[in-house]
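# Per-entry structural report
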Amino acid sequence: MNETTVYFVETRTAEQPVAVCRWVERFYDQGKRVQVAAGSAAAAQNLDQLLWTFAQGSFIPHRISSARLTASEGAEPVIITLEEAPLADLTVLICDAAVELESLLRYEAVVHFVLLDDAARRDESRALWQCLRDRGVRTIHVPYGPGGLPP
């Protein structure tokens, strides 16, 4: 198993979809294959549209698909799923929704969003941070700021 790094990215609820796209773009530009775990079919459709339009001149090949892909279906470097089951050959997970701890640990990099304007979600993020730290998982805090990306 590869060592996992989990980025805890502070954002606001309304800004999270664009932040998801920026993180997808960051890892795509690094040549990584990315899974985006969407919370609902509507969220998956919204992310699908945003990945085409969020930045001028940006092109990120992607698709919405099930977690049970065949080799020919998974050719795109970015796959949006409703399931959290890890997909073969995808090394980065961007969490648009809550994902079970054991699923997180199957990736090299994970992006978890800390919603500053949602007290319950913020408390869940704190509990996840502590659980990961207790297990010795590398965590990186990304404070709220322009673009929501680390320097």
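Presented here is a report on the structure given in the accompanying data block. (Residues numbered from 1 in each chain as written. Predicted model: local features only at pLDDT ≥ 70, side-chain atom pairs only at ≥ 80, totals over all residues. Heavy atoms only, no water.)

### A word on the overall build of the protein
Looking only at helices and strands, the protein has four helices and seven strands in total. Counting from the amino terminus, the protein carries its helices and strands in the arrangement β-α-β-α-β-β-β-α-β-α-β. The buried share of the protein, reckoned over its 151 residues, is 44%. Nonlocal contacts in the protein, meaning residues at least 24 apart in sequence, comprise 64% of its contacts between residues at least 6 apart. Element-wise, carbon and sulfur atoms account for 50% of the exposed surface of the protein, whose accessible area totals about 7700 Å². (Helix = DSSP H or I, 4+ residues; strand = E, 2+ residues; numbered from the N terminus. Buried < 20%, exposed > 50% of the residue type's maximum accessible area, 1.4 Å probe, protein only. Contact = heavy atoms within 4.5 Å. Areas by Shrake-Rupley, 256 points an atom, 1.4 Å probe, with all protein chains shown as cover.)

### What to know about the sheet that holds strand E3 (residues 62–64)
Spatially, E3-E4-E2-E5-E6-E1-E7 is the arrangement adopted by the seven strands of the open sheet, whose pairing is parallel. Where the open sheet ends on each side, the last strands, each with one partner, are E3 and strand E7 (138–142). Here the strands of the sheet are splayed against their neighbours by 20° on average, with no regard to which way each runs. Direction of pairing for strand E2 (residues 34–37) relative to strand E4 (residues 78–81): parallel, over a ladder of four bridges. (Pairing = 2+ DSSP bridges. Axes fitted to C-alpha atoms, helices over the stretch in contact; angles between N-to-C directions.)

### Details of the packing of aromatic side chains
Evaluated as defined, the whole model comprises five aromatic pairs. Ring geometry for tyrosine 7 against tryptophan 23: centres 5.1 Å apart, planes inclined by 50°, an arrangement best described as tilted. Of this pair, tyrosine 7 sits in strand E1 (residues 5–11) while tryptophan 23 sits in helix H1 (residues 16–29), and the two are 16 residues apart along the sequence. Aromatic side chains tryptophan 23 and phenylalanine 27 sit 5.9 Å apart centroid to centroid with 35° between the ring planes, which places their arrangement in the tilted category. (Phe/Tyr/Trp six-rings, centres within 6.5 Å; stacked < 30°, edge-to-face > 60°.)

### Some thoughts on the side chain of serine 103
You can see serine 103 is positioned in helix H3 (residues 101–104). The exposure class of serine 103 is buried, given its relative accessible area of 7%. With near-sequence residues (within four places) excluded, serine 103 lies in contact with Glu84 and Pro86.

### Remarks on H1
Its 14 residues give H1 an end-to-end C-alpha distance of 20 Å, which sits within 8% of 20 Å, the value for a rise of 1.5 Å per residue. Taken as a whole, H1 has its buried residues at Gln16, Ala19, Val20, Cys21, Trp23, Val24 and Phe27. (Expected span 1.5 Å × (residues − 1).)

### Regarding the nonpolar core
Generally speaking, nonpolar side chains in soluble globular proteins are found buried as a group. Counting 25 residues, the largest nonpolar core has Trp23, Val24, Phe27, Val36 and Ile94 as its most contacted members. When contributions to this core are tallied by element, the ones reaching two or more residues are E1, H1, E2, helix H2 (41–53), E4, strand E5 (92–95) and strand E6 (109–115). The biggest single contributor to this core is H1, with six residues. Core analysis: the second largest hydrophobic core is formed by 15 residues, Val99, Tyr107, Val114 and Val137 among them. (Core = buried A, V, L, I, M, F, W, Y, C linked by side-chain atoms within 4.5 Å.)

### Topic: the layout of surface pockets
Of the pockets and cavities examined, the largest pocket occupies roughly 190 Å³. When residues of the lining of the largest pocket are assigned to their parent elements, the largest contribution, four residues, is made by helix H4 (residues 119–134). (1 Å grid on protein atoms, 1.4 Å probe; cavity = no way out; pocket = protein on both sides within 12 Å on 5 of 7 lines; lining within 4 Å. Points joined across faces, edges and corners; volume = space filled by probe spheres on them.)

### Here's the deal with the environment of arginine 135
With respect to the helices and strands, arginine 135 occurs in the loop between H4 and E7. Residues in contact with arginine 135, not counting those within four places in the same chain, are Leu101, Glu102 and Leu105. In this structure the side chain of arginine 135 is engaged in a polar contact, spanning 2.7 Å, whose partner is the side chain of glutamate 102. (Polar contact = N/O pair within 3.5 Å; in protein donor to acceptor, adjacent residues only side chain to side chain.)

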